[in-house]
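Per-entry structural report
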Amino acid sequence: MRRKCSRLFEGLVIDWKSNEFFRARIKLTIFYAIIIAALIVLFSGTLWFEINEIHDNFHQEKIIESNELFLDEFTDEFADKILLIDIFVFILTTFLSYFLAGKNLQPIAKKMKQQAQFIEDAAHEIKNPLAAIFASGTSILRVKEISDKQSREVLGEILEESNRLISLTSQLLQFKDKEHVSLEEVQVKKIVEKIIQTLQPLLLEKKIILDTHLVNFSLSMAESDFESIVFNLLHNAIKFSHKEGKIIIRLEKEKKLSIQDFGIGLSEKEIPFIFDRFYKADKARTFGANTGSGLGLSIVKNIIHFHNGKIRVDRGKTAGCVFTVTFK
Amino acid sequence: MKILLIEDHLNLASSIKRVLLQENFSVEHISNGAEAEIFWIANNENIDLVILDIQLPGKNGFKVCETIRKKGISTPVIMLTAKSEMNEKLAGFMAGTDDYLPKPFNFDELLMRIQALLRRSNVLIPQKIKITSVITFDQLARKIEKNGQEIRLTAKEFEILEFLVLNKNQAVSQQKIFDHCFDFAKENWSNTIEVHIKNIRKKCFVDEKEVLKTVRGFGYRLEI
């Protein structure tokens with residue numbers, strides 16, 4: 001029984017944190033409750049007040065015959081008062097309804113605006129690789145005598161852009177609302193080692209020197225979420241490193257993860273923007289030939305904030321930068 | 001005809017270059033805005049048209065165009081971009097562009113717009129020119145024909161011949177040919193020019209050796 005209660009409570013806490021419609025619903029329920037209570041009090045209070053008046057009047061010395069007259073008078077007066085109060089309440093509730101209706105629709109309106117913006121951004125990001133594929137295809141068809149070398153070149157271009165689109169669409173899907181979050185006990189050291197394994201090919205290709213100081217701790221979040229964080233940060237670090245560069249990964253028992261690279265780094269003015277959706281750092285555009293979707297850090301930030309953690313980026317003393325994530 | 005292509009998306013730039021070279025344009029490609037601006041200013045006399053992307057590393061397309069126009073350089077500009085909203089277009093025209101083409105675009109359209117812009121600057125010859133009784137030079141179609149049959153020249157050869165046609169009946173120095181048709185960073189050019197001239201002669205003027213004359217110690221002259 002107790003376990004059922006605590007499970008229910010946990011479920012509610014998750015709903016509160018993750019579902020903004022649930023939050024809005026609870027807030028509105030409280031609003032409605034307060035308003036209805038106020039109306040009830042107003043109405044009942046008036047009634048009580050009038051009843052008390054009759055009571056007081058009856059306690060005063062009044063001639064028996066005029067009681068009947070008094071009752072008639074009183075009933076008329078009372079009816080008028082009720083009518084007045086009703087009109088007043090009606091006007092008041094109309095205004096309140098308008099206000100409440102607005103509050104009802106606000107989260108929906110906000111959500112729709114966010115979605116519209118997201119669609120616009122996503123469409124724009126898709127246009128670039130598509131334009132390149134279209135251009136590659138139409139350009140080769142104009143060449144009078146296509147050589148084998150040219151064909152291969154064009155096919156390579158089309159493949160590269162297609163891959164970019166594939167990775168973009170799968171990252172876009174990660175932005176779907178996290179309504180059902182499975183909380184697990186994640187052992188961070190194991191995950192970091194797994195991601196390092198996954199990225200081995202890239203590490204070898206650039207001959208990266210990896211320096212790790214890993215102290216294990218546990219976190220309650222979905223394993224795939226923590227994997228996303230490590231993957232995106234490490235992948236960025238590799239991308240921006242020079243050949244034979246060094247990357248330092250640290251896991252500290254104060255629930256901290258830090259990944260440092262010594263590569264091309266960021267400029268001061270870029271730092272506020274790097275967590276924005278689809279933002280790609282300036283130098284990245286020539287360095288990695290426009291690779292990546294720009295969504296990586298934005299996804300990472302979403303996950304971290306959802307779990308009430310913090311992420312910060314600092315420029316390295318000599319070169320590169322360090323990303324530090326602090327979990328709760 | 002030298003076109004400066006300023007575009008940071010490398011695959012797209014490859015395709016555009018491919019098409020322009022096929023049409024006998026000479027293409028210079030730079031993918032960084034700041035670098036492109038420096039190059040453009042230094043070589044503006046020899047650049048006939050610029051294709052300018054907006055989102056560039058180093059310095060964005062709008063700013064580059066503004067700076068160029070402030071310096072009084074009037075090279076025709078076509079802006080390319082993935083954004084096609086009105087306020088983007090307005091910003092482009094305010095920055096000084098002559099035309100605006102959203103991506104993805106059709107290459108036929110791009111070429112038509114290039115031709116339209118080149119027509120307005122004084123580097124186009126409106127009709128076909130008869131170099132000899134049997135050889136016609138059509139600058140608009142970017143073709144040279146002998147007895148109605150197209151003679152296939154390389155892009156460089158076409159460019160050199162075009163330059164000589166534009167300066168017809170005048171002696172043109174090797175230096176000038178180099179400045180207009182070649183990229184500085186490249187190889188020993190005087191030898192290269194000689195080789196190209198030899199090929200042009202071989203392909204076009206086998207029977208009419210008088211047409212393309214060598215001016216000893218100076219350069220060449222095309223006599224029409």
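About the cut-offs
Residues numbered from 1 in each chain as written. Chains lettered and ligands numbered in written order. Predicted model: local features only at pLDDT ≥ 70, side-chain atom pairs only at ≥ 80, totals over all residues. Heavy atoms only, no water. Phe/Tyr/Trp six-rings, centres within 6.5 Å; stacked < 30°, edge-to-face > 60°. Helix = DSSP H or I, 4+ residues; strand = E, 2+ residues; numbered from the N terminus. Lys NZ or Arg CZ within 6 Å of the ring centre and 35° of its normal. Buried < 20%, exposed > 50% of the residue type's maximum accessible area, 1.4 Å probe, protein only. Contact = heavy atoms within 4.5 Å. Buried area = accessible area lost by both parts, 1.4 Å probe. Salt bridge = Lys/Arg side-chain N within 4 Å of Asp/Glu carboxyl O. Polar contact = N/O pair within 3.5 Å; in protein donor to acceptor, adjacent residues only side chain to side chain. Axes fitted to C-alpha atoms, helices over the stretch in contact; angles between N-to-C directions. Parallel < 35°, antiparallel > 145°, perpendicular 65-115°, else oblique. Nonpolar A, V, L, I, M, F, W, Y, C, P; charged D, E, K, R; others polar. Patch = residues over 30% accessible without salt bridge, like charges linked within 9 Å, V, L, I, M, F, W, Y side chains within 5 Å. Areas by Shrake-Rupley, 256 points an atom, 1.4 Å probe, with all protein chains shown as cover. Core = buried A, V, L, I, M, F, W, Y, C linked by side-chain atoms within 4.5 Å. Domains from an automatic or database assignment.

Here the focus is the packing of aromatic side chains. Two aromatic rings, taken as a pair, are described by how far apart their centres are and by the angle between their planes. Enumeration over the complete set of coordinates arrives at 6 aromatic pairs over all chains. Each ring, one from phenylalanine 226 of chain A and one from phenylalanine 327 of chain A, has its centre 5.8 Å from the other, and the planes form 55°; the classification is tilted. Of the two residues, phenylalanine 226 of chain A is situated in helix α7 (residues 223–239) and phenylalanine 327 of chain A in the segment after β7 (321–326); the sequence distance between them amounts to 101 residues. Ring geometry for phenylalanine 93 of chain B against tyrosine 100 of chain B: centres 6.3 Å apart, planes inclined by 35°, an arrangement best described as tilted. One Lys or Arg, arginine 142 of chain B, reaches over the ring of phenylalanine 25 of chain B and ends 4.2 Å from the middle of that ring.

Residue and element names in this part refer to chain A. The residue glutamate 10 is located in helix α1 (residues 2–18) in this model. Given a relative accessible area of 49%, glutamate 10 falls into the partly exposed group. C-alpha of glutamate 10 to C-alpha of lysine 189: the two residues are 179 residues apart in sequence and 27 Å apart in space.

Further remarks concern the interface of chain B and chain A. In this complex, chain B contributes 27 residues to the contact, which on the side of chain A involves 26 residues. Across the chain B to chain A interface the summed buried area is about 2300 Å²; carbon plus sulfur atoms make up 50%. Broken down residue by residue, the surface that chain B buries against chain A is led by His9, Asn11 and Arg18 of chain B, which jointly contribute 28%. Scanning the region where chain B abuts chain A turns up 3 salt bridges. The interface formed by chain B and chain A holds 11 residue pairs in polar contact (both at pLDDT 80 or more) in total. If you list the elements that add at least two residues to the side of chain B that touches chain A, you get α1 (10–22) and α5 (107–120) of chain B.

Residue and element names in this part refer to chain B. Across the interface, helix α3 (residues 61–70) lies against helix α4 (residues 86–95) with an axial gap of 8 Å and an inter-helix angle of 25°. Put simply, α3 runs roughly parallel to α4. Packed against α3, whose contacting residues are Phe62, Cys65, Glu66 and Arg69, the element α4 presents Glu88, Ala91, Gly92 and Ala95 at the interface. Class assignment of the residues belonging to the contact of α3 with α4 gives a composition of 4 nonpolar, 1 polar and 3 charged.

Attention shifts here to the side chain of glutamate 157 of chain B. All names here are of chain B. The residue glutamate 157 is located in helix α6 (residues 155–166) in this model. Reaching out from glutamate 157, the side chain makes a polar contact with the backbone nitrogen of threonine 154 at a distance of 3.0 Å. Other than its neighbours up to four places away in sequence, glutamate 157 contacts His196, Asn199, Ile200 and Lys203.

With that settled, the discussion passes to a nonpolar patch on the surface. Taken together, the side chains of Leu83, Ile87, Phe90, Ile91 and Phe95 of chain A make up a nonpolar region of the molecular surface, amounting to roughly 570 Å² of accessible area. If you trace the backbone, phenylalanine 90 of chain A turns up in helix α3 (residues 64–142).

What follows deals with the side chain of glutamate 162 of chain B. Residues and elements named next belong to chain B. Looking at the element boundaries, glutamate 162 is found in helix α6. At 2.8 Å, the side chain of glutamate 162 forms a polar contact with the side chain of glutamine 139. Residue contacts for glutamate 162: discarding those within four places in its chain leaves Met1, Phe137, Gln139 and Arg142.

Among the nonpolar cores identified, the biggest contains 46 residues, and Phe226, Leu233, Leu234, Ile249, Leu257, Phe323 and Phe327 of chain A are the most heavily contacted of them. A per-element tally of this core places α7 of chain A first, with 7 residues. If you count residues domain by domain, this core takes at least three from each of domain 1 (1–180) and domain 2 (184–326) of chain A. In this view, isoleucine 249 of chain A contacts Val192, Ile196, Leu210, Asp211, Thr212, His213, Leu214, Leu234, Leu257, Ser258 and Ile259 of chain A; residues no more than four positions away in its chain are not counted. Counting residues in each nonpolar core, the second largest holds 27 residues, with Val165, Phe178, Cys181 and Ile200 of chain B among its members.

Time to look at the domain arrangement of chain A. How big an interface is tends to be stated in terms of the accessible area lost upon association of its parts. When the domains of chain A are assigned, the result is domain 1 (1–180) and domain 2 (184–326). One C-alpha centre belongs to domain 1 of chain A, the other to domain 2 of chain A; they are set 36 Å apart.

Our focus in this paragraph is the pattern of salt bridges. Pairs may arise between side chains of opposite charge once their charged atoms sit close together. All names here are of chain B. Summed over the entire model, instances satisfying the criterion amount to 25 salt bridges over all chains. Close ionic contact of glutamate 7 with lysine 103 constitutes a salt bridge, the shortest N to O distance being 3.4 Å. Linking glutamate 7 in the loop between β1 (2–6) and α1 with lysine 103 in the loop between β5 (99–102) and α5, this pair joins segments that are 96 residues apart in sequence. Note on accessibility: glutamate 7 and lysine 103 belong to one class, buried. The residue aspartate 99 makes a salt bridge to arginine 113 at a minimum N-O spacing of 2.8 Å. Linking aspartate 99 in strand β5 with arginine 113 in helix α5, this pair joins segments that are 14 residues apart in sequence.

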